[in-house]
Structures are given as structure tokens and as C-alpha cells.
Amino acid sequence: MAEATEDKTAICVSVDKSSNALADTPDGSEPNRSERDTLPLVSDKMPMSGWLVCIVETAERFSYYGTAGPLQNYMQNPYGSSLRPGALGLGQANASSIWYGFNFYMFVTPLAGSIIADSWLGRYRTICWAVGIQLCGLLVIFLTSLPVSLENGAGLGGLVAALILIGAGSGAIKSNVGPLILEQYTEKKQKVMTLKDGTRVIVDPQVTISNMYMIFYNLLCIGCLSGIPATYLELRVGFWATFLLTFSAFWVSVAGLAFGRKKYVRAKPEPVLKKAIKVLWIAATHKFNMDAAKPSTRQESNTFPSHIVTWDDHFVDELKRGLYACRVFIPLPIAWLCYLQSMNNLVSQAGTMETHGLPNDILYNFTLLLDILLIQTLRAYVYPQLRRWRINVGPIRRITAGFAAGVVATAWAAVVQQMVYSAGPCYDRPLACAASEGGTVPNRVHVMLQFPSYFFFALSESLFSVTAAEYAYTKAPTSMKSVISALNLLTVAVASALGIAVSRAAVDPGLVHMYASLAVVYFVTTCLFWVFCRKYDSLEEELFKLDVKE
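Quick caveat, the model's predicted, so the values are computed rather than measured.

Rules used throughout
Residues numbered from 1 in each chain as written. Predicted model: local features only at pLDDT ≥ 70, side-chain atom pairs only at ≥ 80, totals over all residues. Heavy atoms only, no water. Domains from an automatic or database assignment. Contact = heavy atoms within 4.5 Å. Buried area = accessible area lost by both parts, 1.4 Å probe. Salt bridge = Lys/Arg side-chain N within 4 Å of Asp/Glu carboxyl O. Polar contact = N/O pair within 3.5 Å; in protein donor to acceptor, adjacent residues only side chain to side chain. Helix = DSSP H or I, 4+ residues; strand = E, 2+ residues; numbered from the N terminus. Nonpolar A, V, L, I, M, F, W, Y, C, P; charged D, E, K, R; others polar. Disulfide = S-S within 2.5 Å. Buried < 20%, exposed > 50% of the residue type's maximum accessible area, 1.4 Å probe, protein only. 1 Å grid on protein atoms, 1.4 Å probe; cavity = no way out; pocket = protein on both sides within 12 Å on 5 of 7 lines; lining within 4 Å. Points joined across faces, edges and corners; volume = space filled by probe spheres on them. Arc of directions from axis to C-beta. Axes fitted to C-alpha atoms, helices over the stretch in contact; angles between N-to-C directions. Parallel < 35°, antiparallel > 145°, perpendicular 65-115°, else oblique. Left-handed = near helix turned anticlockwise from the far one by under 90°.

**Topic: the domain arrangement of the protein**
Looking at the protein, the domain boundaries give domain 1 (48–186 + 209–266) and domain 2 (327–549). Just the C-alpha atoms count here: the centres of domain 1 and domain 2 sit 21 Å apart. Facing 52 residues of domain 1, the contacting portion of domain 2 comprises 57 residues. Taken together, both faces of the contact between domain 1 and domain 2 bury some 4500 Å²; the carbon and sulfur share is 63%. Between the two partners, domain 1 and domain 2, sit zero salt bridges. Our enumeration of links across domain 1 and domain 2 arrives at ten residue pairs in polar contact (both at pLDDT 80 or more). For the side of domain 1 that touches domain 2, the elements supplying multiple residues, two or more each, are α4 (71–76), α5 (92–121), α8 (155–182), α9 (205–224) and α10 (227–236). The element that contributes the greatest number of residues to the side of domain 1 that touches domain 2 is α5, accounting for 18 residues. Here the side of domain 1 that touches domain 2 is built from residues that sort into 27 nonpolar, 18 polar and seven charged.

**A closer look at the state of the cysteines**
Considering all chains together, one arrives at one disulfide under this definition. Here Cys 426 connects covalently by a disulfide to Cys 433, the sulfurs 1.9 Å from one another. With the S-S dihedral at roughly -75°, the linkage between Cys 426 and Cys 433 falls on the left-handed side. Residue Cys 426 is classed as buried on the basis of its relative accessible area of 6%. Cys 128 takes part in no disulfide bond, and the closest cysteine sulfur, belonging to Cys 136, lies 14 Å away.

**Topic: the layout of surface pockets**
Estimates place the volume of the largest pocket at around 1000 Å³. Along the wall of the largest pocket there are 31 residues; nearest its centre are Leu 41, Gln 190, Asp 204, Gln 206 and Glu 541. Residue assignment for the lining of the largest pocket shows that the elements contributing at least two residues are α9, α17 (362–388), α18 (395–421), α19 (451–475) and α22 (540–548). In terms of residues, the lining of the largest pocket owes the most to one element, α22, which gives five residues.

**With respect to helix α12 (residues 251–259)**
Each α-helix turn comprises 3.6 residues. Residues three or four places apart therefore point the same way. Residues Ser 253, Gly 256 and Leu 257 constitute the buried set of α12. Looking down the long axis of α12, one finds its buried residues gathered within 95° of arc, a one-sided arrangement. Those residues of α12 hidden inside the fold are in contact with α3 (48–68), α6 (123–144) and α11 (239–249).

**With respect to the packing of α6 against α8**
It is at 7 Å that the axes of α6 and α8 come closest, and there the two elements cross at 155°. Judged on the interaxial angle alone, α8 and α6 are roughly antiparallel. When the axes of α6 and α8 are compared, the crossing they make is left-handed. Partitioning the contact of α6 with α8 into residue classes produces 19 nonpolar, nine polar and one charged.

**What about unusual backbone geometry?**
If a residue is not glycine, its phi is most likely negative; likewise, a peptide bond is most likely trans. Cis geometry is found at the peptide bond from Gly 424 to Pro 425, where omega equals 10°. Topologically, Pro 425 is positioned in the loop between α18 and α19. Following Asp 508, the chain continues into Pro 509 via a peptide bond in cis, with omega recorded as 5°. As for its position among the elements, Pro 509 is in the loop between α20 (481–502) and α21 (511–533).

Structure representation (C-alpha cells):
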């Protein structure tokens, strides 16, 4: 009888524990296992300080793209041309080479800016200095683009000086502004919340960071729309009017930094680069085993004195996580090479097609409208619906999809180029034959045939570029957020260096082969990336928990 009583008691206790486990968690608390399996994941709100940083970067992008958008025409075409606006008359190959050199420089400088920010000045102060440098560059290019400056030969020297200053300032901003926005959100753990309609959801920090970065990128693209009025100003008024507009707009960034100086969450800088190099060296000398650099492992084996160890096990785990991001970055130079090479040459390709009174670089700028539309669609509709269906939309899947879209875009550019070469009056020598009447009659192909390439390049960027930047932040050690973000940007520098070589092949009649070759290389790279990195999506939750342990 006593045994029966004990069994009943045990059953009651078991049922009671099960009921507690399945009971609704109070709002604001961490979800239980059942809730994690059933409730949808949603994003938290972006803090107000995050919106302020977005305003700063939107104004910076407005100024940068308003300046960079007309540069191909500014460099390539001669001053006073009746067909296309121009200033320096350097030709397509030289203009493309200078552009790639500038891109290489601008995406190398973030590494210096990131080290300064992470180790000494902090992100906010580094951005303030960078804004001042970029402002000087914008002033120089405005002054040297005035007709009196161009007529007296100051254009090329002013361009070089301006590109050096703009590249240094913009590069340092690039590596720090994304981490500064995301570190405004300080939550590290999931929490249950009940919506106004009674729906219970889980507010997830990872989803929030992803959502914040897409909002940031969308606002960034809005700033980049400055290229649209810039192209009309260059055509109707002159390059000096475009550069005056961008110089004036940049003061919004200055105002945003000043207004929010007491509102921003600022991570304390810590010089950890030397420490990270030591850890990586120890790992390299132990067959690239990162655990060998952990103090706990080294003390057990008594392989070196404890007084030289200036890190803990958690730092090694964070650095190991950062290496996942570095592996994901490996194929990005190929993706950026195809993107940059195709996008820049599409502007020149449009110049050989019938534009019906539109500037030849107008479609390039409308790509940003596609970016805004696609990013908002993915953020507000596609990704939330996939999460409701419990479909994994991890970063590796998103990057792979972006690569695939880029392959389609590059391949279509080859198809359009073949159409241009197949049409008169100049066929595979567009604007270069007598029938072109001195380069004023393009081949009879409508410029809107380029639209599919621009659409798929916008989709590609919305997927792989946004996700890679987010991946850099979430996988970086806490004290190296800017450095890992800079390594992501460094992939663009590598692509630009490769582009300098490839740009020499960007001449008629070989452009079809160039586009086709890029598409094939891009396709192979996409396949290899998926084969070697697809398993990383299953590690997302485990890697993110390292931040919770801090």
C-alpha cells in the first residue's frame, strides 16, 4: 500500500513538473523549450541611437554616390563632348583602371580605420575624424571641377587629391559605422512577448541584428539615390553642380554626429590585435588547433608560463568563431569582381546603345531603387514568412542565393553585349565606324535590354552583401568588430585589384568573352562555396551563445 502511495506521489510530481515546463512564460522572460519549438521568431525595435547613426551614414552615402556616380563619365569622356558629358578625356580603359585603383584603395583604408577604432579611439571618434577628411576631399573635387579649373588643367590633379581624401575618409567610416549601429542594441537573450493581437512570439537578438542591418542597408541605398539627380546635373548643368550638391549634403553627417554624441552606446576600445596574433600563432604551430591556445589547455600541459597569457578561454572561442567569417569571405572577391566589372562596363555598354535622351548611367542609378524594394520585401515579407514556416534562412543559404543571382546577371550582360555586336551601324566596333558619324550614332539596340542584369545584380547584392556584413559583425570577437568588418570590406579591395587587370580586356570586340568568362568563374565559385560552407548554418545558435557568456 505504501508503495502504491509513493507511485501516485511520483506521478503527481511528474505531471506537475511537465505542466510547469509547458506553462506560458511571462513576457520579458526567456522562452522554454516548447515555446522555442512552436513560437515564431520576431525582431525587436531598433534603438533611437541606432536611427541616428543611420542618418549619419545615409548622408555620407548620399555624398559619396553623388560624387562617384558621374566619375566614369568625368574621367572617360573629353571636356565639351556633344554626345556625353565629360571632363578629362582619359578613355574607357584608363578610366576603368583609375576607378578600380580607387576602389582598391578605398576598401584597404577600412583596415587602418578599424584598427584605430578597436584599439585606441573607439568607433565614434574614429568616424568623426574620417568625416572631416572626407569633407576636405569633397571640397577639392568641387573646386577643381569648375570650368575655369578644367580649362586651366587642374582637373586631373584635383581628381587624384580628392580620391585620396575621399577614399581615406569613406574607408574609415565604412568599417566602423555598421558595428556602431548594431552595438546600439544590447540584448543578448531571447524573450517572450505578447503582441497587441494576443499572438505570443519570441523576440530574438539574432533576428533583430539581421533586421537592423537590413534597415541600415535600405537607408544607405536611399542615400545612394543621389546618383540619379547627380547624373542629370552633370548632363544639364555640369559636374561642378553635382559636386557642390554632395559637398553641401555631407554636412548632415556632421550635424548627426554632433547631435548624438551623448546618446550613442560606445564600446570601450581595447588593443587586442597583438593578443589575437599570438593566439593564431600558437594555433598554427599546433596544426591549426585553436584549443591549443586556450590557457586551460596550456596550463594542463605546462607548456609556457602563465604570466605571458593575457587572454582567457572565451577570447579563444570568440576568435575561433571569427575564423568562420574569414572562411566565408574567401569567395567574396570573385563575387565582387563580377559585380564591379559588369556594373561599370554596363555604363559604357549603355553608351553604345539607344538611350532615347536618357543619360547612359541612369539605369545604374535606378539599381538602387531595386535594392530598396528588394531589401524591404525580403525584410518585411519573405524572411518573416519563411520563419513562420520554420524554414531555415541561415546566412550561408542567403549568400549562396545571392551568388546564384549574380551568375544570372553576368551571363545576361554577355547576351546583351552579343546583341549590341549583332546590330548596326557599327556592329562589333560601336561608335567607332564612319556610319556612327563621329561617335554620335549608337548601335540600334534599346538600352532597357540591360534591365534584367540590373535586377539580378540588385537581388544579388541584397542577399550576399547585406548578409556578409551581418555575418562579419555577429562572428567577430567583441573587441574586434571593426577589424572583422574591415576584412569583409577588404574582399572588395582584392576584387578591385583583380579588376584592374580584367579591365584591360574590357575593349571591343572582346566584351562578350569577358562577360561569359566571368559568369563561368562565378558559377564554379558559387558551387564550391556551397559545398564547403553549407554546414555553417547549423552552428548559428551555438556560435551566437558565446556573446551571452560575456
